[in-house]
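# Examination of the molecular architecture
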Amino acid sequence: WRNRGNVRIVRHFYQAVDFNDGSGSTLAGLTLMNAPGGGVLCEDVDSVSIVNCSIQDNADYGVEAIGECDITIERSLIEGNGKSGLYAHDGCVFLLNGSVVRDNGWDGVDLEDNTSDSLTNNWIHNNGTAGESYGCGIWFENYQSATPFVRNNTICGNPTYGIEVACPNLPTPIGPTLIS
């Protein structure tokens, strides 16, 4: 960890931060950038909070959560990562609130087969910068039982879709949300 004024810069060999099989972790007020892998990787971790962080310009995902993770991201900036800004899959409980997700290579937020997803009061824009067939603001895939909750977001400037649902019969309650 390096401290530059009030901002800590974390540089690591592959992931900037890697949580495995733990609980009760919080990242607050950090800048996680330029990792040759992803910014944050969480695998089967309970109660991870990312608050007031900037996760940017990492080669892989900004944040990836795998398995039975309970992850909350609030008031954070996720930008310029090589793949999706946020990728949570295979049983996560995922909450994104009051954050900006922009200029990531693939999708802004990629959610697959989770237990619960809630996205409120976010600005998700200009993702899909890698020029491949990716580029939605929010992507939902392979849901078996969970119903994602999307409310009060601004989703714009993503080259494919604002929200793409790639699973049959998924009710997605979308509250007041601007999609352009």
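Overview of the structure. Just so you know, these numbers come straight off a predicted model, no measurement behind them.

Criteria and cut-off values
Residues numbered from 1 in each chain as written. Predicted model: local features only at pLDDT ≥ 70, side-chain atom pairs only at ≥ 80, totals over all residues. Heavy atoms only, no water. Helix = DSSP H or I, 4+ residues; strand = E, 2+ residues; numbered from the N terminus. Buried < 20%, exposed > 50% of the residue type's maximum accessible area, 1.4 Å probe, protein only. Contact = heavy atoms within 4.5 Å. Areas by Shrake-Rupley, 256 points an atom, 1.4 Å probe, with all protein chains shown as cover. Phe/Tyr/Trp six-rings, centres within 6.5 Å; stacked < 30°, edge-to-face > 60°. Pairing = 2+ DSSP bridges. Axes fitted to C-alpha atoms, helices over the stretch in contact; angles between N-to-C directions. Core = buried A, V, L, I, M, F, W, Y, C linked by side-chain atoms within 4.5 Å. Salt bridge = Lys/Arg side-chain N within 4 Å of Asp/Glu carboxyl O.

### Here we look at the overall build of the protein chain
When its secondary structure is counted, the protein chain shows 0 helices and 22 strands. Among the 180 residues that make up the protein chain, the fraction classed as buried is 53%. A separation of at least 24 residues holds for 46% of the contacts in the protein chain among residues at least 6 apart in sequence. Counting only carbon and sulfur atoms, one obtains 46% of the accessible surface of the protein chain, whose full area is about 7,900 Å².

### Looking at the environment of Glu 68
Inspection of the secondary structure assignment puts Glu 68 in the loop between strand E9 (63-66) and strand E10 (70-74). A residue is classified by how much of its surface remains accessible, and Glu 68, at 61% relative accessible area, is exposed. Taking the C-alpha atoms as reference points, Glu 68 and His 89, separated by 21 residues in sequence, lie 8.8 Å from one another. Those residues in contact with Glu 68, other than ones at most four positions away along the chain, are Asp 44, Val 45, Asp 46, Asp 90 and Gly 91.

### What about the packing of aromatic side chains?
Inspection of the entire model under this criterion finds 3 aromatic pairs. Between the aromatic rings of Tyr 61 and Trp 106, the centroid separation amounts to 6.1 Å while the plane-to-plane angle is 85°, which identifies the pairing as edge-to-face. Note that Tyr 61 is positioned in the loop between strand E8 (54-56) and E9 and Trp 106 in the loop between strand E14 (100-102) and strand E15 (109-112), a separation of 45 residues in sequence. The exposure class of Tyr 61 is buried, given its relative accessible area of 11%. Summarising the aromatic geometry, the rings of Trp 106 and Tyr 134 are spaced 4.3 Å apart at their centres and angled 10° between planes, so their arrangement reads as stacked. In this pair, Trp 106 is assigned in the loop between E14 and E15 and Tyr 134 in the loop between strand E17 (123-125) and strand E18 (138-141), connecting sequence segments 28 residues apart. Note on Tyr 134: relative accessible area 30%, which makes it partly exposed. An aromatic cluster is defined as three or more aromatic residues linked by ring pairs; in this entry it consists of Tyr 61, Tyr 87, Trp 106 and Tyr 134.

### Here's the deal with the sheet that holds E9
With parallel pairing, 7 strands are arranged side by side in an open sheet as E3-E6-E9-E12-E15-E18-E21. Two strands bound the open sheet, and with one partner strand each, they are strand E3 (17-20) and strand E21 (163-166). Across the sheet, the axes of successive neighbouring strands diverge by a mean angle of 5°, strand direction being ignored.

### Focus: the side chain of Ser 118
By the secondary structure assignment, Ser 118 is in strand E16 (residues 116-120). A residue is classified by how much of its surface remains accessible, and Ser 118, at 16% relative accessible area, is buried. Discounting chain neighbours no more than four positions away, the residues touching Ser 118 are Phe 94, Leu 95, Leu 96 and Phe 149.

### Examining the nonpolar core
Looking at soluble globular proteins, one finds that nonpolar side chains tend to be buried together. Judged by nonpolar contacts, the single largest core of 37 residues is most densely connected at Val 40, Ile 50 and Val 109. Apart from the residues within four sequence positions on either side, Val 109 is in contact with Leu 86, Phe 94, Leu 96, Val 101, Leu 119, Ile 124, Gly 137, Ile 138 and Trp 139.

### Comments concerning the pattern of salt bridges
Summed over the entire model, instances satisfying the criterion amount to 2 salt bridges. Asp 60 is the salt-bridge partner of Lys 83, the closest N and O atoms lying 3.0 Å from each other. One end of the pair, Lys 83, is in the loop between strand E11 (77-79) and strand E12 (86-89); the other, Asp 60, is in the loop between E8 and E9, and 23 residues separate them in sequence. The partly exposed category is assigned to Lys 83, whose relative accessible area is 26%.

### Some details on the sheet that holds E10
Two strands in a sheet stick together by hydrogen bonds in their backbones, pointing the same way (parallel) or opposite ways (antiparallel). With parallel pairing, the 6 strands of this open sheet are ordered in space as E4-E7-E10-E13-E16-E19. Unpaired on one side and paired on the other, strand E4 (23-28) and strand E19 (149-151) mark the two borders of the sheet. Geometrically, the sheet is characterised by an average inter-axis angle of 5° between neighbouring strands, direction not taken into account. Where E4 meets strand E7 (residues 46-51), 5 bridges bridge the pair, whose relative direction is parallel. Along E7, the bridge assignment pairs Ser 23 with Asp 46.

Bear in mind that shape data such as this cannot, by itself, settle questions of function.
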